[in-house]
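Coordinate inspection notes
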Amino acid sequence: MTVSPYAELLGLTFDTDDRGHPVVTMPFATDLLGRPGFLHGGAMGGMLEMAAWVALRAALGAEDATIKPINVTIDYMRGGRERTTFAAGTVTRLGARIANVTATAWQDDRDRPIAAAHLNYLLKR
């Protein structure tokens, strides 16, 4: 997979979990800090957007479609600390022109997310 320059800047890597679903990993780097000891919200938001995008790309399979974000809402639940962060997206609706995706970021425990996003995409097929 070719990654965007922004994904490279964040140090994102792309893999799959044990069920074959895409997972994004962001290793900790001091460039990602906001306030001392905590990840910058923009870095978490960018990671969540990439996790949603790869989940949607996987759901589309080989189908050629242009994906344009319509709306992005991010809920910050707790501060991200100085450690590796993971994120995964789930396509909740895949229509002919609109897709709805959620993405969740976590660090030590997937059941204790640090942030979540709800994204709406316009699809041009």
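First things first, this report covers the structure right here in the doc. Treat the numbers as computed from the prediction; the structure is a model and nothing was measured. (Residues numbered from 1 in each chain as written. Predicted model: local features only at pLDDT ≥ 70, side-chain atom pairs only at ≥ 80, totals over all residues. Heavy atoms only, no water.)

**A closer look at the nonpolar core**
Selection rule: Remark: nonpolar core denotes a set of buried residues (Ala, Val, Leu, Ile, Met, Phe, Trp, Tyr, Cys) joined through side-chain atoms within 4.5 Å. Classification of residues uses two cut-offs on accessible area relative to the type maximum, computed with a 1.4 Å probe and protein chains only: under 20% is buried, over 50% is exposed, and between them is partly exposed. Only runs of H or I of at least four residues qualify as helices and only runs of E of at least two qualify as strands under DSSP, and these elements are numbered from the N terminus. Here a residue-residue contact requires only that any non-hydrogen atoms of the pair lie within 4.5 Å.
Residues Leu12, Met26, Leu48, Leu56 and Tyr121 are the most contacted members of the largest nonpolar core, which totals 30 residues. The set of elements that each furnish at least two residues to this core consists of helix H1 (5-10), strand S2 (22-26), helix H2 (41-60), strand S5 (98-106) and strand S6 (115-124). Of the residues forming this core, the biggest block, 10 residues, is contributed by H2. Residues contacting Leu12, with those up to four places away along its chain left out, are Ala7, Val24, Thr25, Met26, Met47 and Met50.

**So, the packing of aromatic side chains**
Put simply, the rule reads: Stacked, tilted and edge-to-face are the three classes assigned to paired rings of Phe, Tyr and Trp, where Trp is represented by its six-membered ring and a pair needs centres within 6.5 Å; plane angles under 30 degrees give stacked, over 60 edge-to-face, the rest tilted. Lysine and arginine charges are scored as sitting over a ring when NZ or CZ, respectively, is within 6 Å of the ring centre and within 35 degrees of the ring normal.
One pass over the structure, following the stated rule, counts one aromatic pair. Directly above the ring of Phe38 sits Arg35, whose terminal nitrogen or CZ lies 3.8 Å from the centroid.

**What to know about the layout of surface pockets**
Going by this rule: Think of a 1 Å grid over the protein atoms and nothing else: a 1.4 Å probe that fits but is trapped marks a cavity, an open set flanked by protein within 12 Å on at least five of seven lines marks a pocket, and residues with an atom within 4 Å of a point count as lining. Grid points are joined across faces, edges and corners, and a volume is the space filled by probe spheres set on the points. Ten residues, namely Ala, Val, Leu, Ile, Met, Phe, Trp, Tyr, Cys and Pro, are considered nonpolar, four, namely Asp, Glu, Lys and Arg, are considered charged, and the remaining ones, Gly among them, are considered polar.
The space that makes up the largest pocket amounts to roughly 210 Å³. Looking at the largest pocket, it is lined by 15 residues, and the ones nearest its centre are His21, Ala88, Gly89, Thr90 and Arg110. Listing elements by their share of the lining of the largest pocket, those giving two or more residues are S2, strand S4 (85-94) and S5. Its residues assigned to classes, the lining of the largest pocket shows seven nonpolar, five polar and three charged.

**Some words on the sheet that holds strand S3 (residues 66-76)**
The cut-off we apply is this: Only when DSSP finds a minimum of two bridges between them are two strands counted as paired. As a rule, the C-alpha atoms of each element are fitted with a line to give its axis, helices using only the stretch in contact, and angles between N-to-C directions run from 0 to 180 degrees.
What the six strands build is an open sheet, ordered S1-S2-S4-S5-S6-S3; its pairing is antiparallel. With one partner strand each, in any of the chains shown, strand S1 (13-16) and S3 form the two edges of the open sheet. Put simply, the sheet's adjacent strands are angled 25 degrees from each other on average, direction ignored. With four bridges connecting them, S1 and S2 associate as antiparallel partners. Counted as the bridge partner of Phe14 is Val24 from S2.

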